[in-house]
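Examination of the molecular architecture
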Amino acid sequence: MLKELGEVIPAPANVQPVAAAHFTIDAGTAISAAPGTERVATYLAELLRPATGFDLPVTPAGGPDALPGIVGLWLDESLGAEEYRLEISGTGVTLTGGTPAGLFYAVQTLRQLLPADIFATTPQSVRWTLPGGTIVDRPRFAYRGAMLDVARHFFTVAEVKSYLDTLVQFKINHLHLHLTDDQGWRLEIQSRPALTALSGGPGTGVDGAGPGFYTAADYAELVAYAESRFVSVVPEIDMPGHVNAAQVAYPELTVDGVAPAPRTDTKVGYSSLVADKEETYAFVDDVLREVAALTPGPYLHIGGDEAQATSAAEYRTFIERVLPLVAKYGKSPIGWHEMAAVDLPPGAITQYWRTESADAGTARAAANGGKVLMSPADRAYLDMKYTAKTPLGLDWAGVVDVERAYSWDPADRLPGVGEDALLGVEAPLWSETLRSLTDVQTMAFPRLPAIAEVGWSPRQSRDWDSFRCRLAGYGPRWDIQGVAYHRSADVPWH
Ligand code: ACM
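For the structure given in this document, a descriptive report is provided here. Just so it is clear, the model here is predicted, and its values are computed rather than measured. (Residues numbered from 1 in each chain as written. Predicted model: local features only at pLDDT ≥ 70, side-chain atom pairs only at ≥ 80, totals over all residues. Heavy atoms only, no water.)

Before going further, it helps to spend a moment on the packing of aromatic side chains. If you walk through the whole model with that rule in mind, you get 26 aromatic pairs. Relative to F467, the ring of W464 has its centre 6.3 Å away and its plane inclined at 40°; by these criteria the two rings are tilted. Of this pair, W464 and F467 both sit in helix α14 (residues 464-481), three residues apart, which is roughly one turn of the helix. Under the relative-accessibility criterion, W464 is labelled buried at 14%. Among the residues examined, F467 registers a relative accessible area of 0% and is labelled buried. Pairwise contacts between aromatic rings join F119, Y163, F170, F445, Y474, W478, Y485 and W493 into one cluster. It is R263 that lies over the ring of Y270; its NZ or CZ is 3.8 Å from the centre. When the ring centre of W353 is taken as origin, the NZ or CZ atom of R354, which lies over that ring, is 5.3 Å away. (Phe/Tyr/Trp six-rings, centres within 6.5 Å; stacked < 30°, edge-to-face > 60°. Helix = DSSP H or I, 4+ residues; strand = E, 2+ residues; numbered from the N terminus. Buried < 20%, exposed > 50% of the residue type's maximum accessible area, 1.4 Å probe, protein only. Lys NZ or Arg CZ within 6 Å of the ring centre and 35° of its normal.)

Following this line, the structure appears as structure tokens:
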């Protein structure tokens, strides 16, 4: 069945259908790539070949192949970096991006406009017809993120790559990895080998059921894969709380120098780095130096949440010592909003995560010109149960079904934190109750697309009734990909 041109998640900014026009990709279709677009053109061809069974050769633009029947990729500097134009006419398809990232989003839109069978891995006898018209689209916010907690339960490189491939369908461009917590340490630090030797192995994670860690090479592989999909990895080293796993490995990080017992329960707020010990800052320097060197993206997340075992004075001392270390290694710090108790340097980003309707620290950071990421738990936390009956997840922020995840606006969430203060939105997924990639998918879908639309689409073009119908249309795409999703009663699934 032919899709309507605007039947896309997230909703595009401008959609102009031309009812009489449509284009069918067939065995004679070629993909032409203007200079600078080759990588995205190849990605497009690789997406389309399995289900269509067509050759879809990628050829340089402007040669003898510049004929009707072409899917052409172009760059146009007059468009914004993440902006794109998708034109579908009776004679061909043109995708134009401000940069390759914009072009990548044009490809994601094109994919959604094809029949659901385009996600099949073997050739299908389907007419691959696209609806005619023009889409001109760009994101509302620069940062559209998802967070995965690989500390409470470890997820392998293959699992995270798979999650990434399902995220980018919705134009997510940051993957925040919560790499360390009380129950585990998941990134090899070469100068501090005991971290993963003692806190990344068997028996770590909640209930001891989530062991594993990334070697530096694994992490580099993951980061490169994400970059190939225009996703920037944001590594989080959570401090000064949530550090039991670090203290197990390096007992000098405790007050008395005695290693605590490993923990596999889900309590929070009991561990703290020691603000007045130099060993603390030697450790943090080693870790941040190595993490920064492995991470091409601009951000290092330093946690800062739930430091109940740290006094307010120690917390301030600690954060004020650590922020310059992030800068020293060339990165911009992100912290959970408790960090905003401290006067933040320019460029520091505050991530709001709680459920209150006001937050003085976050508002102060915004008033000082700081940018804010919105992740209110009662809307954006993918680990909240959908309903009281959901077997997975937590409910401390209430239950969050799809309409609740969708029907809010980040610019209205906190007094003093309006549109101009927002860097974007992020949907965190904590893993205390998760044990598999299927569990991750079940909690993320279909709420992650709701947060993706909150982050991408113009405020005035968001509409719950439209969204729930577009989601229902997405169901078969997840079915064909073998991606688990919650069949929420909020959505009129076919
Ligand atoms: C958090 O949920 N502790 C950031």
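The discussion continues.
Before going further, it helps to examine the sheet that holds strand β3 (residues 58-60). Spatially, β1-β7-β5-β6-β4-β2-β3 is the arrangement adopted by the seven strands of the open sheet, whose pairing is mixed. Each edge of the sheet is formed by a strand with only one pairing partner; in this case those strands are β1 (14-25) and β3. Neighbour-to-neighbour, the strand axes of this sheet turn through a mean angle of 25°, independent of strand direction. Together, β1, β2 (30-33), β3, β4 (70-75) and β7 (128-137) form the strand contacts of helix α1 (residues 38-52), whose direction differs from that of β2 by roughly 170°. (Pairing = 2+ DSSP bridges. Axes fitted to C-alpha atoms, helices over the stretch in contact; angles between N-to-C directions. Contact = heavy atoms within 4.5 Å.)

Taken as a whole, the largest pocket holds about 410 Å³ of empty space. Lining the largest pocket are 20 residues, with L47, R111, D165, Q169 and Q481 sitting closest to its centre. Only α1 and α3 (157-167) provide two or more residues apiece to the lining of the largest pocket. Looking at the lining of the largest pocket residue by residue, the class counts come to eight nonpolar, seven polar and five charged. (1 Å grid on protein atoms, 1.4 Å probe; cavity = no way out; pocket = protein on both sides within 12 Å on 5 of 7 lines; lining within 4 Å. Points joined across faces, edges and corners; volume = space filled by probe spheres on them. Nonpolar A, V, L, I, M, F, W, Y, C, P; charged D, E, K, R; others polar.)

Before going further, it helps to spend a moment on empty space enclosed by the protein. Summary: where empty space remains is shown by rolling a probe the size of a single water molecule over the atoms. In this structure the tally under the stated criterion is one cavity of 30 Å³ or more. Computed from the structure, the largest cavity encloses a volume of approximately 40 Å³. In this structure, the largest cavity is lined by K3, E7, V8, I9, Q112, R470, G473, Y474 and R477. Ranked by residues supplied to the lining of the largest cavity, first place goes to α14 with four residues.

This brings us to the packing of helix α7 (residues 278-294) against helix α8 (residues 312-328). One can describe the packing of α7 onto α8 by two numbers: an axis separation of 10 Å at closest approach and a directional angle of 30°. The angle between the axes of α7 and α8 places the two elements in the roughly parallel class. Along this stretch, α7 crosses α8, giving a crossing that reads as right-handed. Across the interface between the two elements, E278, T280, Y281, V284, D285 and L288 of α7 pack against T317, F318, R321, V322, L325, V326 and K328 of α8. (Parallel < 35°, antiparallel > 145°, perpendicular 65-115°, else oblique. Left-handed = near helix turned anticlockwise from the far one by under 90°.)

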